[in-house]
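These are the residues of each chain, in order.
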Amino acid sequence: MTSNDDLGKRRTGLVRHDVVVVGAGPAGSATALTLSRAGVDVHLVDRAELPRWKVCGGCLGPAALELLGELGLMADLIGAGAVPIPVMELRAGSRRARLRLPGSLSISRYRLDALLAGAVAKAGGEVSFGVRVEGVTPVDDGMEVRIREDGVVGRLHARVVVDATGLGGLHLPGERSTEEVASGSRVGLGAVFPSAAYHMCPSGELQMTVGRDGYVGIVRTEDGLLDVAAAVDRDLLARMGPGGAVSELLASTGGPRSGGNRLPDGEPSFGWRGTPALTRRSIRTAEGAVFRVGDAAGYVEPFTGEGMGWALAGGVALAPFVRQAVAGPSDRAAAGWTQAYRRIVERRQRMCRLLAHGLRRPAVVRAVVGALGVAPVLARPLMDATGRDSRVPLPTLAAP
Ligand SMILES: Cc1cc2nc3c(=O)[nH]c(=O)nc-3n(C[C@H](O)[C@H](O)[C@H](O)COP(=O)(O)OP(=O)(O)OC[C@H]3O[C@@H](n4cnc5c(N)ncnc54)[C@H](O)[C@@H]3O)c2cc1C
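It should be emphasised that the depicted structure is a prediction, and the values quoted were computed from it without experimental measurement.

Within this structure, the stated rule accounts for zero disulfides. Sulfur of Cys-201: no disulfide; nearest cysteine sulfur belongs to Cys-59 and is 9.4 Å away.

Let's shift gears to the sheet that holds strand β16 (residues 226–232). The sheet built from seven strands is open, its strands ordered β6-β5-β14-β15-β16-β13-β17 with mixed pairing. Edge strands, defined here as strands with exactly one partner in the open sheet, are β6 (95–100) and β17 (270–277). Direction aside, neighbouring strands of the sheet carry axes that sit 15° apart on average. The pairing of strand β13 (residues 187–193) with β16 spans seven bridges and is classified as antiparallel.

A word on the packing of helix α7 (residues 307–327) against helix α8 (residues 331–358). Two elements in contact, α7 and α8, have axes separated by 8 Å at closest approach and are oriented at 170°. Between α7 and α8, the angle falls in the class roughly antiparallel. Side by side, α7 and α8 meet where Trp-310, Ala-313, Gly-314, Ala-317, Leu-318, Phe-321, Gln-324 and Ala-325 of the first sit next to Arg-332, Ala-333, Gly-336, Trp-337, Ala-340, Ile-344, Val-345, Arg-348, Gln-349 and Cys-352 of the second.

The subject of this paragraph is the packing of helix α2 (residues 26–37) against α7. Think of two packed helices as two axes; the pair is described by the angle between the axes and how far apart they sit. With their axes 7 Å apart at the nearest point, α2 and α7 run at an angle of 35° to one another. For α2 against α7, the interelement crossing comes out right-handed. Contacts between α2 and α7 involve Pro-26, Ala-27, Ala-30, Thr-31, Thr-34 and Leu-35 on the former and, on the latter, Met-308, Ala-311, Leu-312, Gly-315, Val-316, Leu-318, Ala-319, Val-322 and Arg-323. In terms of residue class, the contact of α2 with α7 is built from 11 nonpolar, three polar and one charged.

In the segment running from Leu-50 into Pro-51, the intervening peptide bond is cis, with an omega of -5°. Mapping Pro-51 onto the fold places it in the loop between β2 (42–46) and β3 (59–60). Each neighbour pair has its own omega, and for Gly-271 with Trp-272 the value is -5°, a cis peptide bond. Relative to the elements of secondary structure, Trp-272 occurs in strand β17.

All right, on to the pattern of salt bridges then. Side chains that differ in charge, positive against negative, can pair when their charged atoms come close. Applying the stated criterion to the full structure yields 16 salt bridges. One salt bridge in this structure joins Glu-205 and Arg-98, with 3.1 Å as the shortest N-O distance. With a gap of 107 residues between them, Glu-205 in strand β14 (residues 205–211) and Arg-98 in strand β6 connect regions that are remote in the sequence. Taking relative accessible area as the criterion, Arg-98 reaches 45% and is therefore assigned partly exposed. A salt bridge links Glu-222 to Arg-111, with the nearest nitrogen and oxygen atoms 3.4 Å apart. Taken together, the residues Glu-222 in the loop between β15 (214–220) and β16 and Arg-111 in helix α5 (residues 109–122) connect sequence positions 111 residues apart. Judged by relative accessible area, which is 35%, Arg-111 ranks as partly exposed. The network of salt bridges with common partners includes Glu-89, Arg-91, Arg-98 and Glu-205.

Around the ligand sit 34 residues in total, of which Asp-46, Arg-52, Gly-57, Cys-59 and Arg-109 are the nearest. Contacts to the ligand include Arg-52, whose side-chain N or O atom sits 2.7 Å from an oxygen atom. Val-133 is positioned such that a nitrogen or oxygen atom in its backbone is 2.9 Å from a nitrogen atom of the ligand. The protein chains hide 93% of the 1000 Å² of surface that the ligand would expose on its own.

About the criteria used
- Residues numbered from 1 in each chain as written.
- Predicted model: local features only at pLDDT ≥ 70, side-chain atom pairs only at ≥ 80, totals over all residues.
- Heavy atoms only, no water.
- Disulfide = S-S within 2.5 Å.
- Pairing = 2+ DSSP bridges.
- Helix = DSSP H or I, 4+ residues; strand = E, 2+ residues; numbered from the N terminus.
- Axes fitted to C-alpha atoms, helices over the stretch in contact; angles between N-to-C directions.
- Parallel < 35°, antiparallel > 145°, perpendicular 65-115°, else oblique.
- Contact = heavy atoms within 4.5 Å.
- Left-handed = near helix turned anticlockwise from the far one by under 90°.
- Nonpolar A, V, L, I, M, F, W, Y, C, P; charged D, E, K, R; others polar.
- Salt bridge = Lys/Arg side-chain N within 4 Å of Asp/Glu carboxyl O.
- Buried < 20%, exposed > 50% of the residue type's maximum accessible area, 1.4 Å probe, protein only.
- Near = heavy atom within 4 Å.
- Polar contact = N/O pair within 3.5 Å; in protein donor to acceptor, adjacent residues only side chain to side chain.
- Areas by Shrake-Rupley, 256 points an atom, 1.4 Å probe, with all protein chains shown as cover.

Have a look at this one:
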């Protein structure tokens, strides 16, 4: 997606764009795609090389799927082999509940993110992998973006920069901290395993195990591999290391002999990899000509599996504000985006914060899972409240 000519120009600082989007996850790609289709000159860059894998459960819920449908990407998603996940088996101690998961698909992140970046390129956006953004500085007519590519430093110029770099975000000059991290926040862990000899997680099922010190989701992706993603307390990780911490959580269900779960045998195909603290909020959703979106704007533990939905919704909703900032002074657009982001994403994240507190009470969790095992219909209000059966407010509502 990048030519040698482009590369040379970037090193001499000749390349100017309306918008540079940093980070080609769901948030950055959704922003870049929406802008490119509206005729805006966009350059989407990511420090990773393809195929790029990241810690994620890889489950797309109804809200995310609805947005991908609106972006016209549903056929591509199905073509890429995304697997329907109609069932979630929830485990806590010896309790089990099998719940219906309406409208959910699983897909590996390396395939999903490549598909999204491909759509940006098809819409006329420039897309470059292997380009790390090292800093962003305001200049007279926009922002200077310092990049490193193949070990060489270069510069891009943009009127507006979108920070879609995921947990942690970009640090701007003069900003001491861009984020507030929730005290006691768990960290994410993930790995992908070959699955030939693993019979504990059939295709079409998401297995969620909740233990005292965290929870683990296991799902089979379109390539038949097993995606293992967990949120764990830092103490458990420090004591046991990633594989040990996840095994400990799985063993809290009683172990394989009594119908519990375990990690697949052998070395992972990808991972183990970790994330920074998960629950965090950006202090400034937009500042000057830099707009944050997706996890870079804030995130809450992943139990409800909505992160990609929030990221896609944010990306689509951000596009009109970025266009406004490209066309004139960015202050009004920045204030507008800060308000819109609260309406679109932060409101939904409040419910997930409450749930994250509840998940730290093992006796309550076991009792709830026991009750759901007897009467799965009781899960309905929770599914509604966490967006499983309802929509993220439509992005068009957020237009300035
Ligand atoms: C354990 C776990 C399980 C999860 N399970 C699910 C799930 O099942 N379903 C769901 O919807 N969500 C899930 N999530 C959440 C989901 O993964 C995120 O919310 C989502 O990926 C956020 O998208 P994003 O585009 O904001 O960021 P990301 O997907 O993190 O993308 C950010 C991109 O920015 C790039 N980048 C970072 N810094 C730079 C830089 N300086 N220069 C250039 N590029 C840079 C990175 O390489 C990366 O590609 C889970 C999260 C965790 C931790």
